[in-house]
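These are the residues of each chain, in order.
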Amino acid sequence: IDQISIDLPKVSFHVACSKGTYIRSIARDLGNQLGCGGHLSGLIRTSQEKFSIIDAKFIDEVSEENIIPLDNAFNNLNSITLNQLDTNAFINVVPLKLKIDHSNLLRVYDPFKKFIAIGKNTTQGFKHEYLV
C-alpha cells in the first residue's frame, strides 16, 4: 500500500496485490482500526497480469488495428491447431480422440489460425472448457 492520501472523511491509496486480495476488506479493516467504520467508494484496477490501464483506449479511439487479440490473455498456455473436421466436431461439443500428451488447458485454433477456445484433454477426450 502506498500513495496514501487523507482528506477526511475520505482516505485513498494505491495497492499492489495478487489475485484474491479483497480490497473492500482492506477498506473495512482500515475503518475498523480507525474506530469509525469504512467502505469502498471507488475502485480502479490499473493492471491485471501483463495488461495495464496505461495501454487502454477511450471508446472513440478503438479501431480494428489497436484491439488486443483475446488469445493474448492466454499466452501462458500452449496451443493446438485443429483440422477442419476436428474443428467442426469440437465446436459442436464432440470430445475429440487426439493423440496428445497434455492434461493442461490449451489455446485452440482452427485451421485458419483463428482462436476458438480453451480446451482440455479429459477422460472423454479433448473438449472445450471455454468457447470464444
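Keep in mind the model is a prediction, meaning the values are calculated, not measured.

Draft legend 1. Structural detail: the packing of aromatic side chains. This model, assessed by the stated rule, comprises 3 aromatic pairs. Pairing Phe90 with Phe126 gives two aromatic rings, centres 5.5 Å apart and planes at 20 degrees, and the pair type is stacked. Within this pair, whereas Phe90 is found in helix α2 (residues 84–91), its partner Phe126 is found in strand β8 (residues 125–131), the two being separated by 36 residues in sequence. Comparing Phe90 with Phe126 shows no difference in burial state: the two are buried. Centroid distance Tyr109 to Phe115: 5.6 Å. Interplanar angle 50 degrees. Geometry classified as tilted. Each member of the pair Tyr109 and Phe115 is classed as buried. One aromatic cluster in this structure is built from Phe74, Tyr109 and Phe115.

Draft legend 2. Broad picture of helix α1 (residues 23–34). If you check α1, its first and last C-alpha atoms are 17 Å apart, about what 12 residues at 1.5 Å a residue would give, namely 16 Å. Within α1, the full set of buried residues consists of Ile23, Ala27 and Gly31. Viewed along the axis of α1, the buried residues span an arc of 85 degrees, placing them on a single side of the element. Positive backbone phi, at 75 degrees, marks Gly35, one or two positions downstream of α1.

Draft legend 3. Summary view of the layout of surface pockets. Space inside the largest pocket adds up to approximately 1300 Å³. Lining the largest pocket are 36 residues; nearest its centre among them are Phe13, Ile23, Leu40, Gly42 and Leu43. Take the lining of the largest pocket: its biggest share by element is 6 residues, from α1. Here the residues of the lining of the largest pocket sort into 16 nonpolar, 15 polar and 5 charged. Here the second largest pocket defines a volume of roughly 170 Å³. Residues that form the lining of the second largest pocket fall into these classes: 5 nonpolar, 2 polar and 3 charged.

Rules used in this analysis
- Residues numbered from 1 in each chain as written.
- Predicted model: local features only at pLDDT ≥ 70, side-chain atom pairs only at ≥ 80, totals over all residues.
- Heavy atoms only, no water.
- Phe/Tyr/Trp six-rings, centres within 6.5 Å; stacked < 30°, edge-to-face > 60°.
- Helix = DSSP H or I, 4+ residues; strand = E, 2+ residues; numbered from the N terminus.
- Buried < 20%, exposed > 50% of the residue type's maximum accessible area, 1.4 Å probe, protein only.
- Expected span 1.5 Å × (residues − 1).
- Arc of directions from axis to C-beta.
- 1 Å grid on protein atoms, 1.4 Å probe; cavity = no way out; pocket = protein on both sides within 12 Å on 5 of 7 lines; lining within 4 Å.
- Points joined across faces, edges and corners; volume = space filled by probe spheres on them.
- Nonpolar A, V, L, I, M, F, W, Y, C, P; charged D, E, K, R; others polar.

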